[in-house]
Amino acid sequence: MKKICSTLKKIPWWGWLTGLFYFGLQYGMYRLADWISRLTGTISWAYVPKIPAIDDRIPVISIFVVFYLFSYVFWICGPIAASLTKKKNFLNYIIGLSAAYIVGFLIFIFAPTYMDRVAEGLMDAAAKPGLFNQLLAIVYSSDGSNLAFNLFPSYHCLISLYCYLGIRKQPEISKGFRVYSLVMTVLICMSTVFTKQHYAIDIVGGLSISIICYLVVRKLDPAGKILAKKQLS
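What you are looking at is a predicted structure, and each value in this text was computed from that prediction instead of being measured.

How would you explain the packing of aromatic side chains if you had to name every residue and give the values?
Using the criterion set out here, one finds 15 aromatic pairs in the structure. With a centroid separation of 4.9 Å and an interplanar angle of 45°, the aromatic rings of Phe 64 and Phe 194 are classed as tilted. Here Phe 64, found in the loop between helix H3 (52–55) and helix H4 (65–82), pairs with Phe 194, found in helix H9 (residues 175–194); they are 130 residues apart in sequence, far enough to count as distant. You'll find Phe 64 and Phe 194 in the same group, each marked buried. Measuring from centroid to centroid gives 6.1 Å for Tyr 162 and Tyr 214, while their planes differ by 80°, and the two rings are edge-to-face. Of the two residues, Tyr 162 sits in helix H8 (residues 155–165) while Tyr 214 sits in helix H10 (residues 200–220), which places them 52 residues apart along the sequence. Taking relative accessible area as the criterion, Tyr 214 reaches 15% and is therefore assigned buried. Here a set of aromatic residues connected by ring pairs shows up, and it is made of Phe 21, Tyr 22, Tyr 30, Tyr 101, Phe 108 and Tyr 155. The cationic tip of Arg 38 hangs over the ring face of Phe 149; the distance from NZ or CZ to the ring centre is 5.1 Å.

Pasting the structure below:
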């Protein structure tokens, strides 16, 4: 407990602020993309990214809604944890995460996707008794009810993986927290299909964008160049 309290005290104020800001940003961009696609009419291009041979074999396991909802806490913690690492890593983390957000945002607008929950039988599944089914019903009702849009790429997978990538090799972060972040990333990705909030290809899209943005930023190292200029000035 003392170790946890000690770590919390080390978190800079801008780490807390960044965590909360990026949580709000992802939600805002998700909703804004939906509004723009409806305003411009690109929502009429929406298609179902379903692969029946895979997706029809994945059952609804309502207990995974717990991990799906917990992802929102996990995303706030991502930038906060990264703020404990070296400044260059933190800046590259923010730049890469921002780029991943933007790529997903543009796809939502220009290549929108959707799921018909009634046709998939999901509304009936969520109406079954039990706490986890009730939580599932709340998730569905807050996300389009019968029709869900902006499935590909999965922001849940995209952001969760980036939270892990940002701290996976950083010595300032304990091995325990790094393992925890990896496990949570896997569980959150699993939750997207077991709650039927996404199709399998949405996971692939989210993870791919996250990895590509991470690797490109690591290769270009924009933070290193920014910090070098500051030292010269």
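So what about the confidence of the model for the chain? Which residues, and what values?
Low-confidence regions, as indicated by low pLDDT, have predicted coordinates that should not be scrutinised in detail. On average, residues of the chain score 94 in pLDDT, and 97% of them are at 70 or above. Put simply, helix H1 (residues 2–10) is where the chain has its lowest mean pLDDT, 72, and H10 is where it has its highest, 98.

Report on the nonpolar core, specifying residues and quantitative values.
Tyr 93, Tyr 101, Tyr 155, Leu 158 and Ile 159 are the most contacted members of the largest nonpolar core, which has 40 residues in total. Contributions of two or more residues to this core are made by helix H2 (13–40), H4, helix H5 (87–110), H8, H9 and H10. In this structure Tyr 155 touches Gln 26, Met 29, Trp 75, Tyr 101, Gly 104, Phe 105, Phe 108 and Ser 160, once residues within four positions along its chain are discounted. Judged by nonpolar contacts, the second largest core, of eleven residues, contains Val 65, Tyr 68, Ala 126 and Tyr 199.

Lay out the pattern of salt bridges with the relevant residues and their values.
Per the counting criterion, the structure on display carries five salt bridges. A salt bridge links Lys 50 to Glu 120; the nearest nitrogen and oxygen atoms lie 3.1 Å apart. Of this pair, Lys 50 sits in the loop between H2 and H3 while Glu 120 sits in the loop between strand S1 (114–116) and helix H6 (122–126); the two residues are 70 residues apart in sequence, bridging distant segments of the chain. By relative accessible area, Glu 120 is classed as partly exposed at 27%. One salt-bridge network, in which partners are shared between bridges, spans Lys 50, Asp 56 and Glu 120.

Please set out helix H7 (residues 131–142) residue by residue, giving values where relevant.
With twelve residues, H7 extends 17 Å between its outermost C-alpha atoms, agreeing within 8% with the 16 Å of an ideal straight helix rising 1.5 Å per residue. The complete set of buried residues in H7 reads Asn 133, Leu 136, Val 139 and Tyr 140. Along the long axis of H7, the arc covered by the buried residues comes to 115°, so they all point the same way. Residues of H7 that are exposed and point more than 90 degrees away from the buried face comprise Leu 131, Ile 138 and Ser 141. Gly 144 sits one or two positions beyond H7 and adopts a positive phi of about 95°.

About the criteria used
- Per chain, residues are indexed from 1 in the order of the written sequence.
- Local features are withheld for residues below a pLDDT of 70 in this predicted model, meaning they are given only at 70 or higher, and side-chain atom pairs are given and counted only at 80 or more; totals for whole chains, interfaces and linings count all residues.
- Side-chain descriptors were evaluated using all non-hydrogen atoms of the structure, hydrogens and water having been removed beforehand.
- In this analysis, rings of Phe, Tyr and Trp, with Trp reduced to its six-membered ring, are considered paired at centre separations within 6.5 Å, and the interplanar angle assigns stacked below 30 degrees, edge-to-face beyond 60, and tilted for intermediate values.
- Helix and strand assignments follow DSSP, with helices taken as H or I runs no shorter than four residues and strands as E runs no shorter than two, numbered in order from the N terminus.
- Only protein chains enter the accessibility calculation, which uses a 1.4 Å probe; a residue is then buried when its area is under 20% of its type maximum, exposed when over 50%, and partly exposed in between.
- The criterion is that NZ of a Lys, or CZ of an Arg, lies within 6 Å of the ring centre and within 35 degrees of the ring normal, and then a charge sits over that ring.
- Per residue, pLDDT captures the predictor's confidence, and it can take any value from 0 to 100.
- By nonpolar core is meant a set of buried Ala, Val, Leu, Ile, Met, Phe, Trp, Tyr and Cys residues that side-chain atoms within 4.5 Å join together.
- The criterion used for residue contact is that any of the two residues' heavy atoms lie within 4.5 Å.
- In what follows, salt bridge is the name for a side-chain nitrogen of Lys or Arg lying within 4 Å of a carboxyl oxygen of Asp or Glu.
- Multiply 1.5 Å by the residue count of a helix minus one, and that product is the helix's expected span.
- Directions are taken from the helix axis to each C-beta atom, and the arc is the one they span.

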